[in-house]
Amino acid sequence: MKIDILTLFPEMFAGVFEESIIKRAREEGKVDIELHNFRDYSKDPHKKVDDTPYGGGSGMVLCCQPIFDCVNHLKNEDSTVILLTPSGKTYQEQDAKRLSRKKHLILICGHYEGFDERIRYLCDEEISIGDYVLTGGEIPSMVLVDSITRLLPGVIKEESYQQDSFYEGLLDYPTYTKPREYAGYQVPEVLLSGDHAKIKKWREEMALKKTKEMRPDLKGD
Ligand code: ADE
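A brief look at the structure comes next.

About the thresholds
Every chain begins its residue count from 1, and numbering advances along the sequence as written. At least 70 in pLDDT is required for a residue's local features to be given in this predicted model, at least 80 for side-chain atom pairs to be given and counted, and no such filter applies to totals for whole chains, interfaces and linings, which use all residues. Heavy atoms throughout the structure, all of them, feed into the side-chain values; hydrogens and water do not. Under the scheme used here, helices are H or I runs from DSSP no shorter than 4 residues and strands are E runs no shorter than 2 residues, and both carry numbers assigned from the N terminus. C-alpha atoms define the radius of gyration in this analysis, and the globule rule sets the expected value at 2.2 Å times the number of residues to the power 0.38. Type-normalised accessible area, obtained with a 1.4 Å probe on protein chains alone, sets the label of each residue: buried when under 20%, exposed when over 50%, and partly exposed for intermediate values. Every residue pair with non-hydrogen atoms within 4.5 Å of one another is taken to be in contact. Here the open area of atoms and residues is found with the Shrake-Rupley method and a 1.4 Å probe, where only the protein chains shown may cover a residue. We call a residue near a molecule or strand as soon as one heavy atom of that residue lies within 4 Å of the molecule or strand. By the criterion applied in these results, polar contacts are pairs of N or O atoms within 3.5 Å in which, for protein atoms, one can donate a hydrogen and the other can accept it, and in which residues neighboring in sequence qualify only through two side-chain atoms. We call Asp, Glu, Lys and Arg charged. Ala, Val, Leu, Ile, Met, Phe, Trp, Tyr, Cys and Pro are nonpolar, and the rest, Gly among them, are polar. Any two strands with at least two DSSP bridges between them are considered paired. Each axis is a line fitted through C-alpha atoms, taken for helices only over the stretch in contact, and angles between the N-to-C directions span 0 to 180 degrees. For this text, the term disulfide refers to a pair of cysteine sulfurs within 2.5 Å. Asp and Glu count as negative and Lys and Arg as positive, but His and the ends of the chain are not part of the count. A carboxyl oxygen of Asp or Glu within 4 Å of a side-chain nitrogen of Lys or Arg is what we treat as a salt bridge. Nine residue types can take part in a nonpolar core, namely buried Ala, Val, Leu, Ile, Met, Phe, Trp, Tyr and Cys, and a core is a set of them joined through side-chain atoms within 4.5 Å.

A separate point is the overall build of the protein. Counting its regular elements, the protein contains seven helices and ten strands. Taken against the 2.2 N^0.38 rule, which gives 17 Å for 221 residues, the C-alpha radius of gyration of the protein at 22 Å runs more than 25% over that of a compact globule. Seen along its three principal axes, the alpha-carbon backbone of the protein occupies a region of about 70 × 40 × 35 Å. Buried residues in the protein amount to 39% of all 221 residues. Contacts spanning at least 24 positions in sequence make up 74% of the contacts within the protein whose residues lie at least 6 apart. A total of about 13200 Å² of accessible surface is found on the protein, and carbon and sulfur atoms cover 51% of it.

Spelled out as structure tokens, the structure:
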């Protein structure tokens, strides 16, 4: 999969994309991530990318030209263009699954007070990572890249993400590791029993119980 990210702050991505699972996936060629500073596409003599809003109001608005030119340069028939904005559709694990099957994603990070409404015409989707406002679309882009990359074939073991919270619409079951007792807290006996059928049943019940308690809005209810 190819992911192109349009941002005014490419340095923000360094740590996240150069560590752990994403780093390995990039090195193994499972995902090809490229950052593009759309200021480089500005035709303004001072490389300006924003301007004051028509009709007045505070703050600066991202202009169409640099973003249109950058997207049009990168886009091909396999591309899905996504705008990260708090007014987009709320991102869910099912979107990560769906997007992990695409060949080419172009992510546009908004910044400052907003963007010219006409930038929406470039986009196939508008995504928000939750009902709160961040300073820009960089962190939301990282969230998409991380959640999508881990689902790409061969990046992590399929069994690992099949057990994840949300994968089948339920939260994950509780897990424990050594020691058997810590600070007076015991590992549930059933996990020490060696009875795999019993353990499987217990895990299913616990996933359902946890979902009902923590997230009654999910299908476990
Ligand atoms: N940009 C600013 N806040 C955002 C959010 N919650 N989701 C996506 N993009 C954003």
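The local shell around the ligand consists of Leu84, Thr85, Pro86, Ile127, Ser128, Ile129, Gly130, Tyr132, Val133, Leu134, Gly136 and Pro140. Between the ligand and the protein, one listed contact pairs a nitrogen atom with a backbone N or O atom of Ile129 at 3.0 Å. Between the ligand and Tyr132, the relevant distance is 2.8 Å, taken from a nitrogen atom to a main-chain nitrogen or oxygen of the residue. Alone, the ligand offers 260 Å² of accessible surface; in the complex the protein occludes 96% of this. The greatest single-element share of the shell around the ligand, amounting to three residues, is contributed by strand E5 (residues 79-90). Broken down by class, the residue content of the shell around the ligand amounts to eight nonpolar, four polar and no charged.

Looking now at the sheet that holds strand E6 (residues 104-109). Spatially, five strands are ordered E2-E1-E6-E5-E8 in an open sheet, and the strand pairing comes out parallel. Here the strands that pair on one side only, and so sit at the sheet edges, are strand E2 (32-37) and strand E8 (125-128). When strand polarity is set aside, the average angle formed by the axes of neighbouring strands in this sheet is 30°. With six bridges joining them, E5 and E6 adopt parallel strand pairing. Looking across to E6, one finds that Ser79 is bridged to His104.

Turning our eyes to something else, we now look at helix H3 (residues 64-74). For H3, every residue scored as buried is listed here: Cys64, Pro66, Ile67, Cys70, Val71 and Leu74. Buried residues in H3 make contact with strand E1 (2-7), E2, strand E4 (61-62), E5 and E6.

Tallying each qualifying case throughout the model produces zero disulfides. Not part of a disulfide, Cys70 finds its nearest cysteine sulfur in Cys109, a span of 11 Å. Using a relative accessible area of 1% as the deciding quantity, one classes Cys109 as buried.

The residue Glu93 is located in helix H4 (residues 93-99) in this model. Buried Glu93, no salt bridge; nearest opposite-charge side chain is Arg150, N-O distance 4.3 Å. Discounting chain neighbours no more than four positions away, the residues touching Glu93 are Arg150, Leu151 and Phe166.

Turning next to the nonpolar core. Ile5, Phe17, Leu99, Leu107, Leu144 and Val145 are the most contacted members of the largest nonpolar core, which has 26 residues in total. For this core, the secondary structure elements donating two or more residues are E1, helix H2 (20-27), E5, H4, E6 and helix H5 (138-149). For this core, the element with the most residues is H5, which contributes four residues. Not counting chain neighbours up to four residues away, the residues in contact with Phe17 comprise Ile5, Ile22, Lys23, Arg26, Ile33, Leu35, Met142 and Val145. Judged by nonpolar contacts, the second largest core, of 18 residues, contains Leu6, Ile67, Ile106 and Ile119.

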